[in-house]
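# Commentary on secondary and tertiary structure
One-letter residues, chain by chain:
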Amino acid sequence: MYYIQYMLEMLDNMIQNKAIRLEKFLHDIIPAVISCMVCTQICARPLELDHWTVRGNAARILSALVRAHNMGTNQIQSRVTRMLHHALDKHNSSLVSYFGVLAGLCELGPLTINSIVLPEIRSIYRRWS
């Protein structure tokens, strides 16, 4: 297993542990998790690492972070959704980046799917067909 998988597992356990307060570190954690989802190449030897699973796990962890820490004052869900929507609009992104973005948006729930993903389906299809 690679360090990135261990780091994501550790972060997942920290989110589940109610004794650990992550609010002060969200500004560092969220961009790192999003990078695990959307970066073109996760490791130096991509054939040895199941990067699809890493991206899916990162999306699940991002969703858990958003659910645990979204409040009216910090608007984490709207910020993350906006960031992922912006990444979805990039025309020069790779297929693996699109997978990570779509996995992240889908993990954020049915409202996000209906408002962000479904309206973009036609343009995504045209881009990749």
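A quick note: this is a predicted structure, and the numbers were derived from the prediction, not measured. (Residues numbered from 1 in each chain as written. Predicted model: local features only at pLDDT ≥ 70, side-chain atom pairs only at ≥ 80, totals over all residues. Heavy atoms only, no water.)

## Things to note about the overall build of the chain
Note the threshold: Note on conventions: DSSP H or I runs of at least 4 residues are helices, E runs of at least 2 residues are strands, and numbering of each starts at the N terminus. The globule rule used here is 2.2 Å times the number of residues to the 0.38 power, and the radius of gyration it is set against is calculated over C-alpha atoms. Using a 1.4 Å probe on the protein chains alone, a residue whose accessible area is under 20% of its type maximum counts as buried, one over 50% counts as exposed, and one in between counts as partly exposed. Any two residues whose heavy atoms approach within 4.5 Å at even a single point are treated as in contact. Note that His is not counted, nor are the chain ends; the positive residues are Lys and Arg, and the negative ones are Asp and Glu. We put the charge of a Lys on NZ, of an Arg on CZ, of an Asp on CG and of a Glu on CD.
Secondary structure summary: the chain contains six helices and zero strands in total. Each helix and strand of the chain, placed in order from N terminus to C terminus, yields the pattern α-α-α-α-α-α. Its C-alpha atoms give the chain a radius of gyration of 15 Å, within 12% of the compact-globule value 14 Å for 129 residues. Along the first, second and third principal axes, the C-alpha atoms of the chain reach 50 × 40 × 20 Å. Expressed as a percentage of the 129 residues in the chain, the buried residues total 40%. For the chain, long-range pairs separated by at least 24 residues make up 63% of all intrachain contacts whose partners lie at least 6 apart in sequence. Of the side-chain charges in the chain, 13 are positive and 9 negative, and the distance between the mean point of each set is 7 Å.

## Considerations on the pattern of salt bridges
Rules: A pair is scored as a salt bridge if a Lys or Arg side-chain nitrogen falls within 4 Å of a carboxyl oxygen belonging to Asp or Glu.
Counted according to the given criterion, the structure contains two salt bridges. Here R60 makes a salt bridge to D12, at a shortest N to O gap of 3.2 Å. Taken together, the residues R60 in helix α3 (residues 51–69) and D12 in helix α1 (residues 3–16) connect sequence positions 48 residues apart. According to the relative accessible area criterion, D12 is buried, its value standing at 12%. Across the salt bridge formed by E23 and R21, the nearest N and O atoms sit 3.6 Å from each other. A residue is classified by how much of its surface remains accessible, and R21, at 60% relative accessible area, is exposed.

## As for the confidence of the model for the chain
What counts here: The score called pLDDT rates the predictor's confidence residue by residue, from a low of 0 to a high of 100.
Chain-level statistics for the chain give a pLDDT mean of 90 and a share of 98% at 70 or above. The least confident element of the chain is helix α6 (residues 110–128), whose mean pLDDT is 90; the most confident is helix α2 (residues 26–38), at 94.

## Quick notes on the packing of α2 against α3
Put simply, the test is: The axes are straight lines fitted to the C-alpha atoms, using for helices just the contacting stretch, and the angles between their N-to-C directions are given from 0 to 180°. These descriptions rest on fixed angle ranges, namely under 35 degrees for roughly parallel, over 145 for roughly antiparallel, 65 to 115 for roughly perpendicular, and the rest for oblique. For a crossing to be left-handed, the near helix must be turned anticlockwise from the far one by less than a right angle; the clockwise case is right-handed. Following the grouping adopted for this structure description, the nonpolar residues are Ala, Val, Leu, Ile, Met, Phe, Trp, Tyr, Cys and Pro, the charged ones are Asp, Glu, Lys and Arg, and the polar ones are all others, Gly among them.
Where α2 contacts α3, the two axes come as close as 8 Å, and the packing angle between them is 150°. As far as their axial angle goes, α3 and α2 are roughly antiparallel. Handedness of the α2/α3 crossing: left-handed. In contact with L26, I29, I30, V33, I34, C36, M37 and V38 of α2, α3 contributes R55, A58, A59, I61, L62, L65 and H69. Looking at the contact of α2 with α3, its residues break down into 13 nonpolar, one polar and one charged.

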